[in-house]
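Letter by letter, the chains look like this.
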Amino acid sequence: MSNQNGIATLLKAEKEAHEIVSQARKYRQDKLKQAKTDAATEIATYKAKKDQELKDFESKNAGGVGELEKNAESEVQVELKEIEKTAKDKQDDIIKLLVDAVTTPAPELHINVA
């Protein structure tokens with residue numbers, strides 16, 4: 001009988017050990033699921049925060065780009081007007097220089113002629 005009591009005790013101990021291992025696995029799986037859920041929530045919160053920061057930054061700086069483009073365009077227009085005015089003012093002098101250069105040649109020897 002002692003042998004059967006020993007076997008029964010071993011079987012009972014094995015069953016209890018199996019239950020403890022099963023509970024530990026279930027506990028571990030529950031903790032992993034909880035960690036994944038917490039991480040997903042944390043990631044979603046962080047992403048929403050960063051998206052909002054990006055939108056705020058874009059809205060804050062959106063007007064700046066358009067304003068810079070307008071300023072650059074106005075500067076270009078001012079410079080073009082100045083160039084056109086200078087060309088118009090110097091037009092007669094340039095024509096005179098070209099006509100003089102063509103009508104009164106200055107003979108020079110080529111540098112290879114020695």
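As the structure is a computational prediction, the values presented were derived from the model and not from experiment. (Residues numbered from 1 in each chain as written. Predicted model: local features only at pLDDT ≥ 70, side-chain atom pairs only at ≥ 80, totals over all residues. Heavy atoms only, no water.)

A. Up close: the overall build of the chain. Of regular secondary structure, the chain possesses one helix and zero strands. Taking 2.2 N^0.38 as the reference for a compact globule, 114 residues should give roughly 13 Å; the C-alpha atoms of the chain span a radius of gyration of 46 Å, well beyond that estimate. The principal-axis extent of the C-alpha atoms belonging to the chain is close to 140 × 50 × 10 Å. Across the 114 residues that make up the chain, the buried fraction comes to 0%. Split by element, the accessible area of the chain, about 11,300 Å² in all, is 59% carbon and sulfur. (Helix = DSSP H or I, 4+ residues; strand = E, 2+ residues; numbered from the N terminus. Rg over C-alpha atoms; globule rule 2.2 N^0.38 Å. Buried < 20%, exposed > 50% of the residue type's maximum accessible area, 1.4 Å probe, protein only. Areas by Shrake-Rupley, 256 points an atom, 1.4 Å probe, with all protein chains shown as cover.)

B. A look at a nonpolar patch on the surface. Together, Val76, Leu80 and Ile83 line one region of the surface with nonpolar side chains, adding up to about 270 Å² of accessible area. One can find Val76 in helix H1 (residues 2-103). (Patch = residues over 30% accessible without salt bridge, like charges linked within 9 Å, V, L, I, M, F, W, Y side chains within 5 Å. Salt bridge = Lys/Arg side-chain N within 4 Å of Asp/Glu carboxyl O.)

C. Broad picture of the pattern of salt bridges. Taken as a whole and judged by the stated rule, the model has four salt bridges. Between Lys50 and Glu53 there is a salt bridge, with the nearest N and O atoms lying 3.2 Å from each other. Taken together, the positions of Lys50 and Glu53, both in helix H1 and three residues apart, correspond to about one turn of that helix. Given a relative accessible area of 35%, Lys50 falls into the partly exposed group.

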